[in-house]
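# Understanding the architecture of this molecule
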Amino acid sequence: MKTEKFLQYPPQRDVIFVLGAGASRPDGVPLQRDTLPLIISGKIEEIENSEIGRIVTEFIKDNFEFNVDTNKFPQLEAVFGFLDYFIQQNESLSIKYPNQKLREIKEYLIKLIHYVVNLQTDKTSHFYQLFWNSITEINPNTSIITLNYDTLLEQAFDHLFKKSGYIDYSIPFMNYEKLPEMKQYNFWINPKEPVLVEEDENPLPFKILKLHGSLNWKYCNCCNQTLLTPWDRGIDLKRGKFLGYTYPDKLEYEYTCPIDGTDFQTLIVPPSYLKILSHPIISQLMTVASREIRIARKIVFVGYSLSDADIHVKALFKKQMNANKEVIVVNPKKKESLELNYRSLSRNARFIDMSFEEFVSDPAQLKSILS
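Structure report, in brief. (Residues numbered from 1 in each chain as written. Predicted model: local features only at pLDDT ≥ 70, side-chain atom pairs only at ≥ 80, totals over all residues. Heavy atoms only, no water.)

What follows is about the layout of surface pockets. Counted as a void, the second largest pocket has a volume near 820 Å³. Together, 31 residues line the second largest pocket, and Lys106, Glu107, Ile110, Gln265 and Thr266 are the ones closest to its centre. If you list the elements that add at least two residues to the lining of the second largest pocket, you get α4 (76–89), α5 (99–118), β10 (241–245) and β12 (265–268). Sorting elements by how many residues they give to the lining of the second largest pocket places α5 first, with seven residues. Here the lining of the second largest pocket is built from residues that sort into 14 nonpolar, seven polar and ten charged. (1 Å grid on protein atoms, 1.4 Å probe; cavity = no way out; pocket = protein on both sides within 12 Å on 5 of 7 lines; lining within 4 Å. Points joined across faces, edges and corners; volume = space filled by probe spheres on them. Helix = DSSP H or I, 4+ residues; strand = E, 2+ residues; numbered from the N terminus. Nonpolar A, V, L, I, M, F, W, Y, C, P; charged D, E, K, R; others polar.)

See the structure below:
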């Protein structure tokens, strides 16, 4: 017999994991430094043959020097920072690159990043499954903050869905709207409302806060709402359109907002020294993350370098952490610069020199951190 239950969080969080690119690298998702070379080197045929790829590559060739043979490329932060300067000043770069063209190029580059990251995302991650199994078995009072766009973390939760719990992205998706035009998108269960479960089941909510956005979030800047498409992350580079697929026959179609018909925009925060965090969804996630950090007993950073381009992340944690908060950093690179970065965040930071895959494959280490 089924009954409705509210999924509730304890007043304090035992552990918050903060995941960086190093957590998704074992599954083939490129690191930030590898993304631009993949886009402009000509190695990906779909990018090479697309109008979007041609425009972005031509812009970078016109404004930056790089050498494919020696693998010397500009940093993504530098390219986005250059674009953002002109966009924020509302200035044109030249007759070839007026301000509106620069805005288009920025959106094209974001879509290319979306495409490249998604190439390795259509699978289930063994390492993220180990990660989730440990959390649900040892200590479910755990939240996750991730700076990654990919959806490997969520896809690895599939085998735990309903029986163990529900994913809470902590943002208001249009999937929750009970409107006639939204009927085909009401498949995602809102964990903040009562859920229908068997009487003997006690599922839990798990917060996944994606502070830099996600490949499966589509934003409409007309109705200002976000659509969650868990299984559809494809993008047509020739037209710049998001792609969906009917099931089980896999017929392709283009996504437009079901409310007003507007083309969706990407909802990922690109790497830039001038990050714009005023987007309503990102702003809300930062607010929820602030509270999670305040109420957490322990914070565990995994595969994250705390780079200078993420000064907003450092500010977020610096504001909300007290001197007694336990901080653990799991990273295979034993560098003085990395340690100093984290020491400036917390003098109590403790370091574990392991990769993500080594970490999740070590039951004793996980039990020690989660207990």
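With that settled, the discussion passes to the side chain of Asn331. Relative to the helices and strands, Asn331 is located in the loop between β14 (326–330) and α10 (336–345). Contact partners of Asn331, with chain neighbours within four places excluded, come to Gly303, Tyr304, Leu338, Ile352, Asp353 and Met354. (Contact = heavy atoms within 4.5 Å.)

Attention shifts here to the packing of aromatic side chains. Inspection of the entire model under this criterion finds 26 aromatic pairs. Measuring from centroid to centroid gives 4.9 Å for Phe17 and Phe131, while their planes differ by 80°, and the two rings are edge-to-face. Taken as a pair, Phe17 in strand β2 (residues 13–19) and Phe131 in helix α6 (residues 126–138) lie far apart in primary sequence, 114 residues in all. Of the residues examined, Phe17 reaches a relative accessible area of 0% and is grouped as buried. Overall, the relative accessible area of 0% leaves Phe131 in the buried class. Following the ring pairs from residue to residue traces out a cluster consisting of Phe17, Tyr128, Phe131, Trp132, Phe157, Phe206, Phe356 and Phe359. Between Lys111 and the ring centre of Phe242, over which it is positioned, the NZ or CZ distance is 6.0 Å. The ring centre of Tyr255 lies 5.1 Å from the NZ or CZ of Lys218, which sits over that ring. (Phe/Tyr/Trp six-rings, centres within 6.5 Å; stacked < 30°, edge-to-face > 60°. Buried < 20%, exposed > 50% of the residue type's maximum accessible area, 1.4 Å probe, protein only. Lys NZ or Arg CZ within 6 Å of the ring centre and 35° of its normal.)

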